[in-house]
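# Topology and contacts: notes
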Amino acid sequence: GEDVEQSLFLSVREGDSSVINCTYTDSSSTYLYWYKQEPGAGLQLLTYIFSNMDMKQDQRLTVLLNKKDKHLSLRIADTQTGDSAIYFCAASGGSYIPTFGRGTSLIVHP
Amino acid sequence: DSGVTQTPKHLITATGQRVTLRCSPRSGDLSVYWYQQSLDQGLQFLIQYYNGEERAKGNILERFSAQQFPDLHSELNLSSLELGDSALYFCASSVEAKNTEAFFGQGTRLTVV
């Protein structure tokens, strides 16, 4: 089955860009997602990209997809302390049920 | 607020007991998904219902069962509880069976003692 890997922690300074990376194993994955989880809250869908796209931009968020390397990244421009959260990468294929990574804890310090 | 409501928020129960977790999807959403989030397993898909019918099954134990009612709310039943069942249980909903945009509830934290 699908396996999604991402690093566990990322620490950045406020105002810098953050880049969270993710790799997945199933080359037939159709949709790739980024979710955000704040303490005590559920997962919030940030953005998703279809597998025939290379890039998607939404305000401060940029998603890059390298389908050949099965690599997905999320760039957050001008990172703020309010961006501190756990970010989950997920991938889904024909069943449309996402397989989630373990999540990357983003810590933003002043 | 995602519009998905889960009750209760917290639940503490003893081993061997049975509990029921409830989920009300967003208005208009026909599909409901249940996930388990634990420290050792991460976020695991359990089961999906679409318009009252089971649509997809993931890593759901035989001691667990779920259903979706005519009013589209869903219940997840966990029985013969073990310490290892302690986790956050999330419900999510989407308009269609294809989960391109799913909205998550805040979760039920289950503690088995």
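Attention in this report is confined to the structure presented alongside it. (Residues numbered from 1 in each chain as written. Chains lettered and ligands numbered in written order. Predicted model: local features only at pLDDT ≥ 70, side-chain atom pairs only at ≥ 80, totals over all residues. Heavy atoms only, no water.)

## Notes on the overall build of chain B
- Broken down by element type, chain B carries zero helices and eleven strands.
- When the helices and strands of chain B are listed from N to C terminus, the series reads β-β-β-β-β-β-β-β-β-β-β.
- For chain B, whose C-alpha radius of gyration is 13 Å, the value lies close to the compact-globule estimate of 13 Å for 113 residues.
- Overall size of chain B, expressed as C-alpha extent along the three principal axes, is 35 × 30 × 25 Å.
- Classification of the 113 residues of chain B by burial places 49% in the buried group.
- Restricting the contact set of chain B to residue pairs at least 6 apart, pairs at least 24 apart contribute 55%. (Helix = DSSP H or I, 4+ residues; strand = E, 2+ residues; numbered from the N terminus. Rg over C-alpha atoms; globule rule 2.2 N^0.38 Å. Buried < 20%, exposed > 50% of the residue type's maximum accessible area, 1.4 Å probe, protein only. Contact = heavy atoms within 4.5 Å.)

## Focus: the interface of chain B and chain A
- Counting residues at the interface gives 20 residues for chain B, matched by 16 residues for chain A.
- Contact between chain B and chain A buries roughly 1,500 Å² in total, counting both sides, with carbon and sulfur atoms accounting for 58%.
- The tally of links between chain B and chain A comes to zero salt bridges.
- Elements with a minimum of two residues in the side of chain B that touches chain A: strand 4 (31–38) and strand 5 (42–50) of chain B.
- Of the residues contributing to the side of chain B that touches chain A, the split by class is nine nonpolar, eight polar and three charged. (Buried area = accessible area lost by both parts, 1.4 Å probe. Salt bridge = Lys/Arg side-chain N within 4 Å of Asp/Glu carboxyl O. Nonpolar A, V, L, I, M, F, W, Y, C, P; charged D, E, K, R; others polar.)

## Considerations on the state of the cysteines
- Counted according to the given criterion, the structure contains two disulfides over all chains.
- A disulfide bridge connects A:Cys22 with A:Cys89, and the sulfur atoms are separated by 1.9 Å. Between A:Cys22 and A:Cys89, the disulfide has an S-S torsion of -65° and is therefore left-handed. You can see A:Cys22 sitting in strand 3 (residues 18–24) and its partner A:Cys89 sitting in strand 9 (residues 85–92), a full 67 residues away along the chain.
- For A:Cys89, a relative accessible area of 1% corresponds to the buried category.
- Between the sulfur atoms of B:Cys23 and its disulfide partner B:Cys91 the distance amounts to 1.8 Å. Between B:Cys23 and B:Cys91 the disulfide shows an S-S torsion of about -50°. By sign, it is left-handed. Residue B:Cys23 is found in strand 3 (residues 19–24), and its partner B:Cys91 is found in strand 9 (residues 87–94); the two are separated by 68 residues along the sequence. (Disulfide = S-S within 2.5 Å.)

## Focus on unusual backbone geometry
- At the junction of B:Thr7 and B:Pro8, the peptide bond is cis and its omega measures out at -10° in the coordinates.
- Considering the arrangement of structural elements, one finds B:Pro8 in the loop between strand 1 (5–7) and strand 2 (10–13).
- Positive phi, normally seen in glycine, also occurs at A:Gln59, with a value near 55°.
- Mapped onto the elements of the fold, A:Gln59 is located in the loop between strand 6 (55–58) and strand 7 (61–66).
- Accessibility expressed as a relative area gives 74% for A:Gln59, which makes it exposed.

## Re the sheet that holds strand 3 of chain B
All names here are of chain B.
- In space, the four strands of this open sheet follow the order 1-3-8-7, with antiparallel pairing throughout. Whereas interior strands pair on both sides, the edge strands pair on one side only; in this sheet they are strand 1 and strand 7 (64–68). The average undirected angle you get between the axes of adjacent strands in this sheet is 15°.
- As paired strands, strand 1 and strand 3 are joined by three bridges and run antiparallel to one another. By the bridge assignment, glutamine 6 is partnered in strand 3 with cysteine 23. (Pairing = 2+ DSSP bridges. Axes fitted to C-alpha atoms, helices over the stretch in contact; angles between N-to-C directions.)

Functional significance is not addressed by these values, which are geometric in nature.
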